[in-house]
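Understanding the architecture of this molecule
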Amino acid sequence: MNEAQPPLWTLYVLRCRDDSLYCGITTDLARRIDQHNRGTAARYTRARSPVTLRFHCGNLSHSAALRLEAAFKNLSRAHKLRVLQGTLAFPPIPAS
């Protein structure tokens, strides 16, 4: 008997119309970006659409995606921008 594999998660970073950044996780990146742009996703992005994808990192477990999201959100804006420009390494996934 085959057990179903848990879904793989993707961490993503969006740039909003007002130049702010939004970070989230999903199992379906294209659907989630579409939801953000239609105003049916996070409250934060509803008034700040359209959004554009700036970064994504996939094939993560749910817990790893949550830890990576928290690590990214804890960075200063300057550090976040350096990560997105590729001049600073993305934070490692914190150990559980």
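You'll find the structure just up there.
Every chain's residues receive numbers from 1 upward, in the order its sequence appears when written. Totals for whole chains, interfaces and linings use all residues, but because this is a predicted model, local features are given only for residues with pLDDT of at least 70 and pairs of side-chain atoms are given and counted only at 80 or more. Each side-chain value is derived from all of the structure's non-hydrogen atoms; neither hydrogens nor water enter the calculation.

Another aspect to go through is helix α3 (residues 62-73). By the criteria applied, helices consist of DSSP H or I runs no shorter than four residues and strands consist of E runs no shorter than two, each listed in order from the N terminus. In this analysis, the expected span of each helix is defined as 1.5 Å times one less than the number of residues it contains. The end-to-end C-alpha distance of α3 is 16 Å, a good match for the 16 Å that 12 residues give at a rise of 1.5 Å each. Three labels apply to residues, based on accessible area from a 1.4 Å probe with only protein chains included: buried if under 20% of the type maximum, exposed if over 50%, partly exposed otherwise in between. Residues of α3 that are buried: A64, A65, L68, E69, A71 and F72. Down the axis of α3, the buried set is contained in an arc of 165 degrees. They therefore lie on one face. What the arc measures is the spread of directions leading from the helix axis to the C-beta atoms.

Throughout, nonpolar core names a set of buried Ala, Val, Leu, Ile, Met, Phe, Trp, Tyr and Cys residues whose side chains join them through atoms within 4.5 Å. L11, V13, C23, I25, L60, A65 and F72 are the most contacted members of the largest nonpolar core, which has 13 residues in total. Breaking this core down by element, the ones donating at least two residues are β1 (9-15), β2 (21-26), α3 and α4 (77-85). Broken down by element, this core gets its largest block of residues, 4 residues, from α3. Of all hydrophobic cores here, the second largest spans 8 residues; its members include Y12, L29, A42 and V51.

Let us now look at helix α1 (residues 29-38). For α1, the set of buried residues is L29, I33, Q35 and H36. All buried residues of α1 project into a common sector of 155 degrees when viewed along the axis, lining one side. Of the residues in α1, the exposed ones pointing more than 90 degrees away from the buried face are A30 and R38. Whether two residues are in contact is decided by their heavy atoms: any pair within 4.5 Å suffices. The inward-facing, buried residues of α1 contact β1, β2, α2 (43-46) and β3 (52-60). Trailing α1 by a residue or two, G39 shows a phi angle of about 85 degrees, which is positive.

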